[in-house]
Amino acid sequence: MGSKLLNCPDFAQMNDQEKYPLIVQAWIDYTYREDMAKAEVEAARYSQPQVWTDGVSLVGNCLTIEPNPFEQLKAQSQTDLDFHLSLSFPQIFFARGGMRVFLPLFAIDVTSIFSGEHREQGWNVEEFAFQAIGENLMRLYHWEEEEIQNLVTKEGLSMFLQTTFGLRRTRLQTLLNQIDLPDSDLYSSRRAAYLLSNKLSFANRSLRLDLRECQQRPHLIWSNPQAPGRDYLFGQPATPQPEVLYFGVFPDLDAPTLSQAQVLKQCQNNWLIAVQGPPGSGKTFVILHKIAQQVVWQAIAWVMNQQDTNGLTLVTSTNNAAVDNVKDLLQSLDGNPVYLPGGNREVIEKETLPALQAKMDWLRRTSFDEAIHQQARQELIARVEKLRQAEADFLRQQQQAIEVDQQAGEQTETIAELQAAIQALQVEMQTQQDWLDEFTTYGDFPLKDYRQIQFRLQQAEVAAAPVEARRQRSTWLMRLSNWLRQIRLRLQGRTQKQLLQRFNRQSEATIFNIVGTSFPVQVPQSWSDLMQLRDDLTEQIDRATTWQAKHRAYVRQEARLQQLQQDYSDKTAHPNGNPDEASLTNDFYECFPAQYHIEQQELFVWAWKYLQQESLRRKAAIIPALELYTDAITRSSDARRRIKDQGEAFYCKLSLAFPVVTSTLQSVRNMFPHVQAGIIRCAIADEAGMTLPHQLFPVLVRAQQSLVVGDPLQLEPVMPLGQGDQDKFNQQAFLDRGLNSIDIDRFSPTSVQTATAYHRAAGASGEIGNLGSGIRLTEHFRSVKSIAEFFDVICQYGLDVKTTERASPLGSHLLAYHVEGSQDRQVNEAEVEAIEAIIDHLIAEGYSLRDAKGQSRVGVISPFRQQAIALQRRLHSRLSSQEVNTVHKFQGGQKEVIIFSPRQCRSDDSFWFINRTPNLLNVTVSRSQILFILVGNLDVLRNAGGYTAQLVAHIERHGEIRELPR
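No experiment lies behind these values; they were computed from the predicted model shown.

Criteria and thresholds
The residue count restarts for each chain, going from 1 along the sequence in the order it is written. Residues qualify for local features only when their pLDDT is at least 70, as the model is predicted, and side-chain atom pairs are given and counted only at 80 or more; totals for whole chains, interfaces and linings, by contrast, use all residues. As a convention, hydrogens and water are excluded, and side-chain values are obtained from all of the structure's heavy atoms. To qualify as a helix, a DSSP run of H or I must reach at least 4 residues; to qualify as a strand, a run of E must reach at least 2; elements of each kind are numbered from the N terminus. In protein, a polar contact requires one atom able to donate a hydrogen and another able to accept it; more generally it is a pair of N or O atoms within 3.5 Å, and residues adjacent in sequence count only if both atoms are side-chain atoms. Working rule for contacts: check all heavy atoms of both residues, and any pair within 4.5 Å makes them a contact. Here an axis means a line fitted to C-alpha atoms, over the contact stretch when the element is a helix, while the angle between two N-to-C directions is reported on a 0 to 180 degree scale. To sort the angles, those under 35 degrees are grouped as roughly parallel, those over 145 as roughly antiparallel, those from 65 to 115 as roughly perpendicular, and the leftovers as oblique. A clockwise turn of the near helix away from the far one marks a right-handed crossing, whereas an anticlockwise turn of less than a right angle marks a left-handed crossing. Under the convention adopted here, Pro, Cys and the residues Ala, Val, Leu, Ile, Met, Phe, Trp and Tyr are nonpolar, Asp, Glu, Lys and Arg are charged, and Gly plus all remaining residues are polar. Any residue under 20% of the maximum accessible area for its type is buried, any over 50% is exposed, and the rest in between are partly exposed; the area is computed with a 1.4 Å probe on protein chains only. Paired rings are identified among Phe, Tyr and Trp, the last through its six-membered ring, by centres lying within 6.5 Å, and are further divided according to the angle between planes into stacked (under 30 degrees), edge-to-face (over 60) and tilted (the rest). Cation placement over rings: the criterion is NZ of Lys or CZ of Arg within 6 Å of the ring centroid and within 35° of the ring normal. Whenever a carboxyl oxygen of Asp or Glu lies within 4 Å of a side-chain nitrogen of Lys or Arg, that contact is scored as a salt bridge. Here a strand pair is declared whenever DSSP counts at least two bridges between the two strands.

Take Thr111: it is sitting in the loop between β10 (106-109) and β11 (123-124). There is a polar contact of 2.7 Å between the side chain of Thr111 and the side chain of Asp109. Once you skip the residues sitting within four places of it in the chain, Thr111 turns out to touch Phe83, His84 and Leu85.

Written out as structure tokens, the structure reads:
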């Protein structure tokens, strides 16, 4: 077994480059199994046989082939690299277009017998690998997918036939005669063996050619470190950068939401971007904005660089409806078509070739207009510069804010210092205030008058000083001398009495001025009074001057306190500096998608005008390029060779005429005949959650950048192999080649819960529930809130529901009708009848099943094919088969009203198919815009647990359980 190989050191140390060819080979192997699993084999195609019945027999357990057909097939095997043959029985076929179309129930790969010699006795069939054809078993025997998944295939062909058809063990030839044949007049049957070609699908044949080119030329992904294909296999998405400017949005759409803008920003600097688009989140609008971005990018590149630039964008998906949705919106543009529709041979004949011819006719009859060319160029430059200037202004302010932020620590310290200084100054000022309050009267002290009195007093004192001095002498001679001097002083008017009188006379007016103040002065009556007055004056003047000095200091402190408080207020109000420069509450990168939406739309319009004029200016080179391309897609090998030789230079001319090409993934090789790195500037892949990993890989190898959009929480890819066949494939294609179980989980097409194209683009680990690092769109615009809340909860999207509330035609937005039900031949007829009655009730309430354009407003969904068919038959007069179908057929669609028929109604019914993941009910409920109706056995649905129980509980809380209308 493969597990032994895993212990080998060589395999344990296998690096990415060594794994690469093995993974691609596993993918190639899977395409053959997928071809067979979906087999509807025409007896011949384009005159080449696809089925061989003559000379082929089953004898016992052995396949026998007559010599002539064997040699013919052997010769074919030696020249056809894609040669694969399988054996099947019995022959079940129907007629279509005058040809038999075979429906094998299983296929036994007998390709290897044609590398040897013919055997007369034949080859033991049980020695070869076989595969059940689930699609045909469901179609012919009315089985459901769950039954196909549980087929017994691991124990060999004989056990498979016995358990599938209830036969007893015996030889294969006998079993052939016992197999139940379809009970239908639509099919013819023969109990005989036949050989059929495994290369049944042109889509898979093209994919195999692409994968082989990728396998044989590994340098396509390993020589470029920025190759999307390499990151798709072994890398991780870059971390989103919010501070990025982009140019261009699609006209007539609302401005991108925050999450949509995040995608467009990420596209500026990264080559692989994964986007998870929950239901109703506008992923198609993101794709259109990205297309506009690419058109503007190409025009700016031509304007700025004045050199040829390939701006080709491919929009692709495995889902035709997803591609058509984009095409329909692209068609809304006025004037010259911006895209070239591509696809299979029928699309090429009906759409591609006419579009190419129309473009060449337009180029030939239309003249280059220099004035429009220059105007478009100038308008482009002006709008780009406006956006760049707005960004530059913001960045300048942001830099100022950064510089202020760098000082934030210092400012914080400064604020603390200011606070401490204010507190200390307030304490000091309070002490000063207390003292000033105590001597507050000194605020009105008559200092000038006091000093004038003091001055005169000092004059009197000085004049009297000699007298006083002489009086101190004690000798009689000196006393005589003093007496004589006293006479002289009296004559001079300098005695104490005279001086006192003079002082009083000179100071009378001044003393009178201060009589009414708080500091009156008494007129001295003696010299001692005068001396006392001197001391009093000195004391009062000292106090007054001290008070005034302290008051002046207090006033200065008060001014200082006010300044400190203002500084503190400024710093605390704007801790990072100037609010106009530092506090950037409106982030430019967050606001510009809405603020400059009109300019972005105009950018796209002028970019497209510029590219059209540029194509007219270069028509002499572009028309031959379009003629060459016309030959190439109509299968001219010489034209394809010439395109391959020209490489990106050719696609530069094509992108000037058609910036966008649309095609399903299955038909990409029709539009791009060779795998050449970088010939597609940007590949946009939609519905990646329903895309197998190998289907997208060759496109990524061709691309310089890729935007991968999908939702792995909606429906997974349909797996045509039963579980047993899946296990056999993984053993042979992965484990037996030295790859391991982790590689299976990450790369195998059978690992639909862990290895879709979305998982790979998002860098998922391969573990169940790990979705990688894609950008999730979180704004929801489809379902009203009460409906959206259900699938938001079960998938944990974290949606911001922005849907405008609308009235329900039956009052509540969520309804459930209990129907006991029963099953007969995979159909619950009671649910069918109840749904018919509900539709009649809707009509009776005045609700029209169709809108003004004739489009249906109602959809009826069931998880099971046979139930959907029964509903189609009953409702065909009111609704078409597109409006009544399985959940898988409704992926990507929406209706105002969705009616859901779960079918399961018995306590022992399996709910594995519905409840194993949230995906099925997520898609079911999210198709509804204003009314979701559940019709079924509510007791059984509750008791089943899981998501069906959650659905019933949600309707009970947020809607109504009603009796069926009569």
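It is worth spelling out the packing of helix α15 (residues 345-365) against helix α24 (residues 619-633) at this point. Put simply, α15 and α24 touch, their axes get as near as 10 Å, and they point 165 degrees apart. With respect to each other, α15 and α24 are oriented roughly antiparallel. The handedness of the crossing between α15 and α24 is left-handed. Seen from α15, the contacting residues are Arg345, Ile348, Thr352, Leu353, Leu356, Lys359, Met360, Leu363 and Arg364; seen from α24, they are Lys619, Ile622, Ile623, Leu626, Glu627, Tyr629, Thr630 and Ile633. Counted by class, the contact of α15 with α24 contains 10 nonpolar, two polar and five charged residues.

The next subject is the environment of Gln430. Summarising the element assignment, Gln430 is placed in helix α17 (residues 408-438). On the basis of relative accessibility, which here comes to 45%, the residue Gln430 falls in the partly exposed class.

All told, the structure shown has 38 aromatic pairs when counted by the stated rule. Aromatic side chains Tyr30 and Phe729 sit 5.5 Å apart centroid to centroid with 65 degrees between the ring planes, which places their arrangement in the edge-to-face category. With Tyr30 in helix α3 (residues 16-37) and Phe729 in helix α29 (residues 723-733), this pair connects stretches of sequence that are 699 residues apart. Here the two residues Tyr30 and Phe729 agree in accessibility, since each one is buried. Joined through ring pairs, the aromatic side chains of Tyr20, Trp27, Trp222, Tyr232, Phe234, Phe697 and Phe747 make up one cluster. Cation over ring: Arg100 sits above Phe93, and NZ or CZ is 5.5 Å from the ring centre. In this structure, Arg916 packs its charged tip against the face of Trp912, placed 4.7 Å from the ring centre.

Here we come to the pattern of salt bridges. Where charged atoms from two side chains of opposite charge approach closely, those side chains can pair. Per the stated rule, a full pass over the model turns up 44 salt bridges. Salt bridges here are not isolated pairs; linked through shared partners, they connect Asp210, Glu213, Arg217, Arg669 and Arg702.

Mapping Gln705 onto the fold places it in strand β20 (residues 703-710). Within the structure, Gln705 has its side chain in polar contact with the backbone oxygen of Cys267 (distance 2.6 Å). Not counting residues up to four positions away in its chain, the partners in contact with Gln705 are Pro228, Cys267, Asn270, Trp271, Ile273, Lys290, Gln294, Arg681, Cys682 and Ala683.

Glancing now at the sheet that holds strand β1 (residues 41-42). Think of a sheet as strands paired side by side through backbone hydrogen bonds, with each pair either parallel or antiparallel. An order of β1-β9-β8-β13 is seen for the four strands of this open sheet, with the pairing classed as antiparallel. If you trace the sheet from one side to the other, it starts and ends with β1 and β13 (188-190), each paired once. Examined bridge by bridge, β1 and strand β9 (residues 99-102) share two bridges and lie antiparallel to one another. The residue of β9 that forms the bridge with Glu42 is Val101.

Now for the sheet that holds strand β26 (residues 884-886). Spatial ordering of the open sheet is given by β26-β25-β27-β28-β24-β29, a layout of six strands whose pairing is parallel. Lying at the two open borders of the sheet, with one neighbouring strand each, are β26 and β29 (960-962). Neighbour-to-neighbour, the strand axes of this sheet turn through a mean angle of 25 degrees, independent of strand direction. Helix-sheet contacts for helix α33 (residues 829-844) involve β24 (814-818), β25 (858-862), β27 (895-900) and β28 (928-936), and the interaxial angle to β28 is about 140 degrees.

Here we come to the environment of Ser862. By the secondary structure assignment, Ser862 is in strand β25. Along the primary structure Ser862 and Ile899 are separated by 37 residues, whereas in three dimensions their C-alpha atoms are 8.7 Å apart. The contacts of Ser862, once residues within four sequence positions are left out, are Gln867, Ala868, Leu871, Asn885, Thr886, Val887, Phe900 and Ser901. At 3.3 Å, the side chain of Ser862 and the backbone nitrogen of Phe864 are in polar contact.

Of all five residues in strand β16 (residues 313-317), five are buried, a share of seventy percent or more. Because side chains alternate across β16, one face comprises the buried residues Thr313, Val315 and Ser317, and the other comprises Leu314 and Thr316, equally buried. Bridging between β16 and strand β19 (residues 680-685) involves four bridges; their strand directions are parallel. Opposite Val315, over in β19, you have Ile684 as the bridge partner.

A few words on helix α26 (residues 648-657). The buried count for α26 comes to seven of 10 residues, which makes it a mostly enclosed element. Listed as buried for α26 are Phe650, Tyr651, Cys652, Leu654, Ser655, Leu656 and Ala657. Close packing links the buried residues of α26 with α13 (283-305), α15, α23 (597-617), α24 and α25 (637-646).

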